[in-house]
Structure formats: C-alpha cells, structure tokens
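# Coordinate inspection notes
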There are 4 protein chains.
Amino acid sequence: MAKGKQVRKSASTRGAARPVRKRATPALTPDEREARTNALLAAALDVFLERGFESARLDEVAQRAGVAKGTLYLYFPSKEALFEALIGSLIASPFQAAGEVLLKQDVPAETMLRGLLHFAKTEILATRRKDVARLIISEAGRFPELAAFYHREVIGRGMGIVRSIIERGVKSGEFRSDAAARFPQLVVAPILVAIVWTGLFDRVQKLDTSGLLDAHADLLIAGLKGGTQ
Amino acid sequence: MAKGKQVRKSASTRGAARPVRKRATPALTPDEREARTNALLAAALDVFLERGFESARLDEVAQRAGVAKGTLYLYFPSKEALFEALIGSLIASPFQAAGEVLLKQDVPAETMLRGLLHFAKTEILATRRKDVARLIISEAGRFPELAAFYHREVIGRGMGIVRSIIERGVKSGEFRSDAAARFPQLVVAPILVAIVWTGLFDRVQKLDTSGLLDAHADLLIAGLKGGTQ
Amino acid sequence: MAKGKQVRKSASTRGAARPVRKRATPALTPDEREARTNALLAAALDVFLERGFESARLDEVAQRAGVAKGTLYLYFPSKEALFEALIGSLIASPFQAAGEVLLKQDVPAETMLRGLLHFAKTEILATRRKDVARLIISEAGRFPELAAFYHREVIGRGMGIVRSIIERGVKSGEFRSDAAARFPQLVVAPILVAIVWTGLFDRVQKLDTSGLLDAHADLLIAGLKGGTQ
Amino acid sequence: MAKGKQVRKSASTRGAARPVRKRATPALTPDEREARTNALLAAALDVFLERGFESARLDEVAQRAGVAKGTLYLYFPSKEALFEALIGSLIASPFQAAGEVLLKQDVPAETMLRGLLHFAKTEILATRRKDVARLIISEAGRFPELAAFYHREVIGRGMGIVRSIIERGVKSGEFRSDAAARFPQLVVAPILVAIVWTGLFDRVQKLDTSGLLDAHADLLIAGLKGGTQ
DNA sequence: CATGAATGAGATTTCATTCAT
DNA sequence: CATGAATGAAATCTCATTCAT
C-alpha cells in the first residue's frame, strides 16, 4: 500500500517552501494577535486607498504586512470582511464622545461651532480618518450596508450634534438663522470639500484646509448671526 | 466566400445614398460612426456608474450599446481609453460659457451667486453630470491625469468664476467679507455634499438638495454681507 | 488624460499571448459548437474517471480537449456544471427504449432475461457507460441530487423492467420463484460486480465479465425455475 | 525558558509511573499512543467517509480526534499515509478466520453458503465495514496499491472460500452447477449491491438488505441445485 | 511530545483583449 | 467594418505540511 497513482505530484507539492520565517507557531498572545491584526489593517488601508476595493490585491496587503498570503485568511475570512473590518476599526468612537463633551460645556454656540470645526481639523483632516472617509465615499456606492452603517454611526450623529448646537444658538438669541439647523450638512460641507480635494487635487493644487475651515467658520457664523431668515 | 470584400477601397465611399447593403461591409458614414460612439459612451456611463471602473464589464457595455464586444475595440482601444473618453465627453462645455454669460450681466453679485447655485441645481444635480462628478470623485484617485484634467477644465474655471463674482461684490461694497474669494470652494461645498449624499445615503435618508442649496445661498450671502473680516 | 497611476501594469497584462490558434472566432455553427461541447465532455470524462471529481483539474480537461482554460467556461459555467452535464449526457436514453422493446416481444421470460443481460454486456460493459456508472458510484455520495437523478432515470426504470419480466415469467408458469420480482437488484447485481471489478481489480486479476454474466444467467434462471419459494 | 527540555533523552522513559506531569513533556506509554492512534483513525474514517479522500480536511480529522493538527503528523506522515493506515486497520482479520472455521465444520454446503451470507449481514452490512468497503470502491481507482492490497487480503480470500464451498457442494452431489465455483463473485454480488445501494440511494429508496440476501440465498441455492450445467 | 500559526503552491474562475472569418 | 469565440494572465481563496516554542 503506498503512493497511489498520483494524488499529488510529489509528496510535497503543496505546503511550505521553508523560507526565512522569523517566528513561527506557538500560541499567540492576544497582544500578538492584535498587533498582527493591526498590521494587516494598516497595510489594507494603504492598499485600499491606493487602489480602491476592486483593484486592491490581497497579495500586496499581505506583503506589506509582512506575512504570507494565507496568513491573511487566518485573520479575515475574505477580502470583503477585511474591508469591512478596516472601515469599522477606523470610524468608531471619538465623535459621539466629543460631541457630548462639547454640548455639556457652558459656552456660546459660536465657540462650539468653532470647536467642532477645529475638531474636524485635528481629528479628521490631520489623521487617517480623512482617508477612510474618502475610501467610503469612493466605495460605499457598491457597499450599501457600509453606507448605511456609516450613515448611522458617523453622519447621523454628527448631524445631530450640529443641529443641537445651532438650535441652542438660536434659542439663546445668538443666531438669527436656523438654516443650518435644517441643513446641518452646510456646517460640515467644507470638511467634505477638504477631504475630497486632498484626495484628488492636492498634487495639482494644494488646498490650505485649515484656512478653508477658518474662513468657513467666520462666514458661517456671520451668516447665522446676520441672517434674517 | 462570396462575402463582399472588394467594396470600399478608398476611404470616401461615404457621401453615397446608402443603398441596399445586406449588412456585410457597410462603410459607415461619419454620422453613423458618431452615433455608435455615443451609444457606446452612454452605455459605458451607465455601467461605470453602477459598477465603478474596475468592476465594470466591457461585455455589458457592448451589450447595452447593442454591439459585439469586439466592435467596442474599433471605437476605443482599451477600457481605460473608453473611460477617459467618457469623462472627457461629459464634463466639457457648459460651465465656462455659463460663467461668462453670468459675469457679463449687470446684476448684483448676490444675484449672480444665486444664479450660480441655481445653475448647479438644474445643470448638475438634475442631470447625469452629478453622476459623472461622483464617478470622478470615486475613481480619479487612481487616474491622476483624469484628476488633473478635471481640475483644469472644470474645477479651476468654476473657482475662477466664483472668485470673480465675489471680488466684484466686494469691490461694489455689496460684500464685506472676501473669505469666499480666497476660498471659492466654500461657495460650492454644498453642491459637493449634494452629489455625494445622493450617491451614498439617499436610500437611507433622502436629502432635499434644492432646499439645501437655497439655505446655503441665504446663509452664504448673509455671511458675505455681514462678515467683518 | 491618459494612463493613470497603474490600473494595470502594462496595457496588456491581462488578455492573450497570441499563440498558434488554429481557428479563431466567427460565429460557430451549432454543429461546431456541439462538436466542441462533445470534445470537452469526452475530455472531462477521461479526467474525472482518472482523478475523481475533486482531484480532476479543469486545466487538464481543457488541455485534453485542445482548448484554453477559459474556453471551457464558454461551454460550462462551473466544474460542477461540467460534471453534471457529463453525467446527464451519458446515462440518458437507450434503457427505457430497450426495455419497452423487450417487453413488447412475445418471447419467453427467460429469453427476455438473457436479452437483458446481453444488453448489459454490449451497451454498458462494452462502452463508456460502465465508466460513467463507476464515476457515479464513486461520487454520488457527495452529489445527492445526482444520486437521486440517477436513481430516477436509470435505476428505477431498470428495476421496473426487470420486475415486469419476472412477473410475466411467474404468471406464465415459467418461473416458480418471485424472489427476483421482489428484489430485481438480484438480476443486475453481477453487472455491478463487473463494473466495480473492472475499475478496481482488472490490473491485478482480469475478470471475464462476459462469462460472469452468462454463468449468472444460467444460475439465475435455474433458480427462478426451480425455486420453491 | 524553564520549560523542561532535558527530560526524555532516551526513547524509553516510558514504563514509568506517570507522576504529576504538568502537561509539558509527557512521554507517552504505548497504550496512550495507541489510544491516540485509534482516535485519529476513527476520526479519519468519519471524515473520509463523509467527504472522500480529496475533500477530507485534516483539520477536521484532528479536531474530531481532539488533537491539534500538528499532532496528527506525529502519528502519520501524510494524508495519504493516514488514509492507507485507516484502510489497513479496518479490513484485516475476521474474514480468513471465519472462512476457515466455516470450512472446518461438517455441514452441507448449502448451510455454509447461508452462513456466509449471514456473516456478511452481521459482520459487514451491519458494521462500519460496509462503509470502508464503499470508501475503497470510491477511492481505490486512484490508489492502485490499495486496490491490490484489498484484492489480495480480502477479495482473494473471500473468493477462495466461496469457491471451496461450492466445490465441496459439487463434489458431494449437493450442487449440480459449478457456475459459482468459476465465478464466486456471483455469490457475493448482492452484498456489493447492498453496500453500494446503501451509500447512494437509501435516502431515496430504502433497500431491505437482509431480505435481499435471503432472497439471494434461496435463488442461488435453487440455481446451484437445479442447474444442469 | 504537542501545539497551532504560518506558509505558499495550486485550484477555480473572470474578463480585457485579439483576430479569423 | 463587425463579429464573438478564444485566449491566458491574474485574482481570490484553500489546505497539506512545517517548525519554533
């Protein structure tokens, strides 16, 4: 009893080639596992950003994370799962917390609005979050659940916070226009501009996003105070 | 075998009266060629919009255009060329013309701004142009030359027109803030919001883009008039 | 507008290498298509028989059929579909027809039984049908619908025919035992033996399947005539 | 670090009393090793039966046996070796013994034949042996040495015993036909039917294998007695 | 001895592109 | 000019096998 016709060419066509391999196998501590997960997610973010979902090659993600292709599948069951985990891992927390803190303070609505836009500068535009946002903008058209998730977790909350600020300003007599309460998108529109511009045109014409948001703050507040509507 | 292959030897059999032609070796008139080209571009727009560049299938483009797949290659040498031709064919003209007309009129800058935003409503948001814009936003990251082209042909001109309007308003004393002259993006930011929102979140929460732009116009003009900066 | 970052390495990473290619593209006549389909099915039969479903490589099927790997997918949408088409194409017809013809004749049941076993010799054991049977025996455990299909189309009909013959023989007084009417499998059991033996042990010890079935016919008929039960 | 690695240097630390051993470097007793081997074989049987050789996952085998995947390789050097060991471990013994016992008895050949078929009922069809047989039938085409081994160890002996019984019956005048001595396969054919049918069609149409073999015994013996050949 | 994370060859499947007719 | 069958590179995902701990 032995070999058999040719179930597999030679006993080890499949299975390793025995390369360098720094460390190999024993039980990973949760920290180690998390570190690898993060390395993979970081690599994935890079590649998805550079190429988009469809064009992104898992080979490349693995390579940049310094692991073999198959290893990736020990952490994420599919390309889509990787993508979703990536998005999920990056949009999460700071928004609602920041919003609540902002609303708890006893300061003029104007200060709040400026604080909000400053927050956008430091927490979105200055971080990878702006890239995630761009990725979502690019891909969510083909990932409806992702769009819904993002809308619920990020957009909805953000709009709610903006609306609260404006309403408070109107109630206190600080603002005369409630246009921005009806369309909180107007408050954040320049953030979107900054995100998109950065992704598309920065190589051609750099945009001073900080100046943009400052100018927007001024203009917006002037409008809210002066508006007769 | 007896397939006409001797017909059409010189490139200009065209002017002809279009006789029987049992559909074998036609000799297309320029009009016919253009019609086919347009059919292909229209089909391509649909498919690229639905699927994105990578996921779009040329099979499907050809099918929707009613031609064989190989035919597509008689009109465009590659998928990329098709995509670029598509974008090129759709962004071009109306903007600069409209802008110049606007600037020639002797009306208050406010009216011009409102006219501009109205133009955006009718000529962008209410047409396929918004879809093209979204397509560009999604894909231009991976087509730098496309981004540059779009920036040059559309964005740059648009920003120039906006800046002219604002400067005129400032000069005439109508506006006190020149923030929007320094950052004309602030004027169009809500258009971008409308485009992106429509593409991503409309299924979840519809946005009244017309109301959005109206509110923006009010707020913006109030800001420009009241701003002290 | 042009290339773009690197949507694809060089314009033609994907798509042909331009080999020999005997004939290439124009509309296939139904005959041609059928011929190719048959070539593919024939190649598939070989490969599935040699390797079993799981081990069979579509590469090899394509190669043996003389086409490229992708071509196979123009004819069958998946490996499983190919497998099912293969089985379907090979088990079909001759059985029921043969059975009905047999039953219509006005001959002794014994003659019918011998005819049936002769039919098995010439139409199953001497043809590829025996290989198909073996393939089904090997794989149907993991293709329940295939088993059901085969049972319905082949086994059920066969058993029905056998039962009819036996019952006729009993009714006419030719046979005294009706054991084989209750278990028509007993009549065909040696056919199964021949099929399995041929596939597994012929290299080790050849089996005279013709002699086997003749001996079986004698023994069976003697049993049916002499049986007291 | 302080992980015992100096323990077990010579291969025979075994006989030992099995002390505390905080589960680190055990030193298995032969019994323990055999128990694990059996657990692995049992698990392997299940998985190979459910999936077939190719589709069987060693992961699953290890899991069902309650060991890590790597451990499996301490017991069997490859998937193929595991498969072969499995078959080897299951087909062996009871047949030749039973056969010899049968032949030693001083009973009519008919009784022997009935005994043989009864043995098949209880020792094959009612046990996992029928599953092993099916596994062999399915896979031996691709494991020629397995087929040869099985033929030598099981089939050959079985046929020899059958032949002896028939010859004895002919010699004693009990049987008139020697067809079954020339083709002992005829005696066991319904066992094969039972095995195959059970594996393929039981879900569709249950077969009374016991009744089948009883009917076969009657018919066969009637045939052997009455046959004039 | 046992573990189980890591590996990477290889399988199926897709689709832009070509070219004989 | 148009066709559409054919091509084959390349992508995702699987899993037998290895080996540091």
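Here the residue numbering is sequential within each chain, running from 1 through the sequence in written order. Chains and ligands are labelled sequentially in the order written, the chains with letters from A and the ligands with numbers from 1. Thresholds applied to this predicted model are a pLDDT of at least 70 for local features of residues and 80 or more for the giving and counting of side-chain atom pairs; totals over whole chains, interfaces and linings are not thresholded and use all residues. Each side-chain value is worked out from all heavy atoms of the structure, with water and hydrogens disregarded.

Sequence positions flagged by UniProt for "DNA-binding region" (unreviewed entry) are, in local numbering, residues 57-76 of chain A. The helix count covers DSSP runs of H or I at least four residues long, the strand count covers runs of E at least two residues long, and both are numbered beginning at the N terminus. The annotated region residues 57-76 of chain A carries 75% helix and 0% strand content, and the separation between its end C-alpha atoms amounts to 14 Å. UniProt positions are given in the numbering used here, feature names are shortened, and annotations may be inferred rather than shown by experiment.

Only centres within 6.5 Å qualify two rings of Phe, Tyr or Trp (six-membered ring in Trp) as a pair; their planes then separate them into stacked at under 30 degrees, edge-to-face at over 60, and tilted for everything else. Within this structure, the stated rule accounts for 24 aromatic pairs over all chains. Centroid distance Phe53(D) to Phe83(D): 5.1 Å. Interplanar angle 65°. Geometry classified as edge-to-face. Of this pair, Phe53(D) sits in helix α1 (residues 30-55) while Phe83(D) sits in helix α4 (residues 79-91), and the two are 30 residues apart along the sequence. Each member of the pair Phe53(D) and Phe83(D) is classed as buried. Taken together through their ring pairs, the aromatic side chains of Phe48(A), Phe53(A), Phe83(A) and Phe143(A) make up a single cluster. Its end group placed over the ring of Tyr75(A), Arg33(A) keeps NZ or CZ at 4.4 Å from the ring centre. For the exposure calls, accessible area comes from a 1.4 Å probe over protein chains only, and a residue counts as buried if that area is under 20% of its type's maximum, exposed if over 50%, partly exposed in between. Here, a charge over a ring is recorded when the distance from Lys NZ or Arg CZ to the ring centre is within 6 Å and its angle to the ring normal is within 35 degrees.

To estimate the expected span of a helix, subtract one from its residue number and multiply by 1.5 Å. For helix α10 (residues 185-201) of chain A, with 17 residues, the first-to-last C-alpha span of 23 Å sits near the 24 Å given by 1.5 Å per residue. A large share of α10(A) lies buried, amounting to 15 of its 17 residues.

Attention shifts here to the interface of chain C and chain D. Where interface size is quoted, it is often the accessible area lost as the parts come together. By definition, residues are in contact when any of their heavy atoms lie within 4.5 Å. Contacts between the two partners involve 52 residues from chain C and, on the opposite side, 52 residues from chain D. Each of two parts loses accessible area, computed with a 1.4 Å probe, when they are put together; buried area is these two losses added. Roughly 4000 Å² of surface becomes buried between chain C and chain D when both sides are summed, with 74% attributable to carbon and sulfur atoms. For this analysis, a salt bridge means a side-chain nitrogen from Lys or Arg found within 4 Å of a carboxyl oxygen belonging to Asp or Glu. Our count for the chain C to chain D interface comes out at two salt bridges. What qualifies as a polar contact is a pair of N or O atoms within 3.5 Å, subject to a donor-acceptor requirement within protein and to the restriction that residues adjacent in sequence count only when both atoms come from side chains. Taken together, the links from chain C to chain D amount to seven residue pairs in polar contact (both at pLDDT 80 or more). Contributions of two or more residues to the side of chain C that touches chain D are made by α1 (30-55), α7 (129-139), α8 (144-171), α9 (179-182), α10 (185-201) and α11 (209-226) of chain C.

Close approach of charged atoms allows side chains with opposite charge to pair. Applying the stated criterion across every chain, the model contains 75 salt bridges over all chains. Notably, a salt bridge pairs Asp131(A) with Arg128(A), separated by 3.9 Å at the nearest N-O pair. We classify Asp131(A) as buried; its relative accessible area is 10%. Close ionic contact of Arg51(B) with Glu50(B) constitutes a salt bridge, the shortest N to O distance being 3.9 Å. Judged by its relative accessible area of 34%, Arg51(B) is partly exposed. For Glu50(B), a relative accessible area of 42% corresponds to the partly exposed category. Among the charged side chains, a salt-bridge network with shared partners connects Asp46(A), Arg128(A), Lys130(A), Asp131(A) and Arg134(A).

Turning our eyes to something else, we now look at the environment of Arg64(A). Residues and elements named next belong to chain A. Turning to its location among the elements, Arg64 is positioned in helix α2 (residues 58-65). Using a relative accessible area of 36% as the deciding quantity, one classes Arg64 as partly exposed. Taking the C-alpha atoms as reference, Arg64 lies 8.5 Å from Ala39; in sequence the two are 25 residues apart. Apart from residues no more than four positions distant in its own chain, Arg64 is found in contact with Ala43, Asp46, Val47 and Glu50. Within the local environment of Arg64, its side chain forms a polar contact with the side chain of Glu60, the two groups lying 2.7 Å apart.

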